[in-house]
Amino acid sequence: MAAYLCPPAVIHGEHPVETSRIVAEVRDRHPDAAWAPRIDGIAASTGIETRGWMLPLETAVAPGDGGGLRAVGIGTAQEALARDGFTQQDVDRVIAALEAIPAPQSVQERTAPAWEAVQSYGERAARGALQIAGLDAADIDCLITSHSTTPALPGLDIALANKLAFRNDVMLLPATQWACVAGTRSLALAADLVAADPDRVVLVVIAEALSTTYQPADDTLESLIVRLLFADTAVAAVVTGRPRRESVLRLDAAWHHTVPDTQDLHCLETRADGTHFVMDRRGPRAVQETVTAMWEWLRVRYQDDPDSWHPDVLLAHPGGTRVLEYMEQTMPDTWPSGLLDYSRDSYTSGNRGGAAVFDILRRAHDAGQKSGSRAVLYAAAPGLTATALEGEWL
């Protein structure tokens, strides 16, 4: 396989959103929710005190431009009231009252500014990754992009092609539905591309505005957890088929796994008021199944050296701390402790979705890793599907 990865560029959302502000906003909006008395404990259990968003919290909770009659239209409402015997004066009074009711943002109002931010953050991450790798945009042969939270056509690949000086023959590979697995799966695809042509240079860019799933009107426990978990981040990295002076990690093998009939456990739904991330409490158990399968892949891969081989760092994005705990409980007893420290550190400022593994990798790199240390990268996503890679620090 032998693909070489340069350090990633990581651009965090520049608008800090404290957990205390989210709790106050949700409590004020849903004082009678079944979980309202427990909201402080639920918030504290996430371990997240603040997260960065591409847009301020005020943008997410603001009402839409239209009033309460936006869906049916003023004319239709006037006709209906007149047919029911209302006087014109009463019709005008009712219409005015209904128009004064704040309406939720429309899909366009919610996603349009986020899409602009995703493009801007993605461009900054791409430029940062090129600078880190000591390359120009013209050196890139293939661009892989992912941005699941702001569906758009054309997508981030075309946006970057118009902002950066790529060659006209650059291969564009958009993957807008990878979601949380984008970090590892993009690297696995990049590794396949450079294996086919070692002179090929691949740039991966992932930009996720997960804050678009913050839906003020939702009052379910799952929607509360979504509000508390997600952060916005853009990341990018260069992958080559030959080692460069800037290379920090060699990727040696990739593994993929999909759990059948789990597509409904976690999903992204587009409704009249925007994007909703729907969680199912059965999800973590299904993710655990992918972890067990990954352990088996590593066991078979190193079955000739079962007692001495172990990863020196495990860069994992399984979707939450509950599965991180499961990973620690099920990994071989002979493996050292602390393998997931960088993963846990990343979670303290939010779940970054597809950008998470690159953020975790950057934290491990900045902390310093010994040459020859082994690394395993893992991520799971709605589907449920997972991808892992195994490699060595250079």
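Owing to the predicted nature of the structure, the values given are computational and were not obtained by experimental measurement.

**Details of the UniProt feature "active site" (unreviewed entry) in the protein chain**
- Within this numbering scheme, the UniProt entry marks Cys180 as carrying the feature "active site" (unreviewed entry).
- Summarising the element assignment, Cys180 is placed in the loop between β6 (171-174) and α8 (182-196).
- By relative accessible area, Cys180 is classed as buried at 16%.
- Leave out the neighbours within four places in its chain, and Cys180 touches His317, Gly353, Gly354, Ala379, Ala380 and Ala381.

**Describing the pattern of salt bridges**
- Overall, the coordinates contain 23 salt bridges when judged by the stated rule.
- For the salt bridge of Arg167 with Asp141, the shortest nitrogen-to-oxygen distance reads 2.7 Å. Pair noted here: Arg167 is in the loop between α7 (156-163) and β6 and Asp141 is in the loop between α6 (107-133) and β5 (142-146), with a separation of 26 residues, a long-range link.
- For Arg167, a relative accessible area of 29% translates into the label partly exposed.
- Residue class for Asp141 comes out partly exposed when judged on its relative accessible area of 22%.
- For the salt bridge of Arg299 with Glu296, the shortest nitrogen-to-oxygen distance reads 2.7 Å.

**Focus: the packing of α6 against α7**
- Contact geometry of α6 with α7 gives a least axis separation of 10 Å together with a crossing angle of 60 degrees. On the basis of the axis angle, α6 is oblique to α7. As for the relative orientation of α6 and α7, their crossing is right-handed in sense. Counted together, Trp115, Val118, Gln119, Gly122, Glu123 and Arg127 of α6 and Leu156, Ala159, Leu160 and Lys163 of α7 form the full contact between these two elements.
- Residue composition of the contact of α6 with α7, by class: 5 nonpolar, 2 polar and 3 charged.

**Comments concerning unusual backbone geometry**
- Omega for the peptide link from Leu153 to Pro154 comes to 0 degrees, which places this bond in the cis form.
- By the secondary structure assignment, Pro154 is in the loop between β5 and α7.
- In this model, Gly383 is joined to Leu384 through a cis peptide bond whose omega is -15 degrees.
- Position of Leu384 among the secondary structure elements: in strand β14 (residues 383-393).
- Positive phi values are uncommon outside glycine, yet Ala179 reaches one of about 55 degrees.
- On the secondary structure map, Ala179 appears in the loop between β6 and α8.
- Not every positive phi belongs to a glycine, and Asp261 is a case in point at roughly 60 degrees.
- Inspection of the secondary structure assignment puts Asp261 in strand β9 (residues 249-262).

**Some points on the domain arrangement of the protein chain**
- When the domains of the protein chain are assigned, the result is domain 1 (3-63 + 105-240) and domain 2 (249-393).
- Taken together, the contacts link 50 residues of domain 1 with 43 residues of domain 2.
- Of all residues in domain 1, Leu5, Cys180 and Thr184 give up the largest surface area on contact with domain 2, accounting jointly for 16% of the area buried on that side.
- The interface formed by domain 1 and domain 2 contains 0 salt bridges.
- Connecting domain 1 to domain 2 are 13 residue pairs in polar contact (both at pLDDT 80 or more).
- Of all the secondary-structure elements, those providing two or more residues to the side of domain 1 that touches domain 2 are β1 (3-5), β2 (9-12), β4 (50-53), α6, α8, β7 (201-209), α9 (221-229) and β8 (232-240).
- Per element, the largest residue contribution to the side of domain 1 that touches domain 2 is 7 residues, and it comes from α8.
- Its residues placed into classes, the side of domain 1 that touches domain 2 shows 28 nonpolar, 15 polar and 7 charged.

Reading the values: the criteria
- Residues numbered from 1 in each chain as written.
- Predicted model: local features only at pLDDT ≥ 70, side-chain atom pairs only at ≥ 80, totals over all residues.
- Heavy atoms only, no water.
- UniProt positions renumbered as here; feature names shortened; annotations may be inferred.
- Helix = DSSP H or I, 4+ residues; strand = E, 2+ residues; numbered from the N terminus.
- Buried < 20%, exposed > 50% of the residue type's maximum accessible area, 1.4 Å probe, protein only.
- Contact = heavy atoms within 4.5 Å.
- Salt bridge = Lys/Arg side-chain N within 4 Å of Asp/Glu carboxyl O.
- Axes fitted to C-alpha atoms, helices over the stretch in contact; angles between N-to-C directions.
- Parallel < 35°, antiparallel > 145°, perpendicular 65-115°, else oblique.
- Left-handed = near helix turned anticlockwise from the far one by under 90°.
- Nonpolar A, V, L, I, M, F, W, Y, C, P; charged D, E, K, R; others polar.
- Domains from an automatic or database assignment.
- Buried area = accessible area lost by both parts, 1.4 Å probe.
- Polar contact = N/O pair within 3.5 Å; in protein donor to acceptor, adjacent residues only side chain to side chain.

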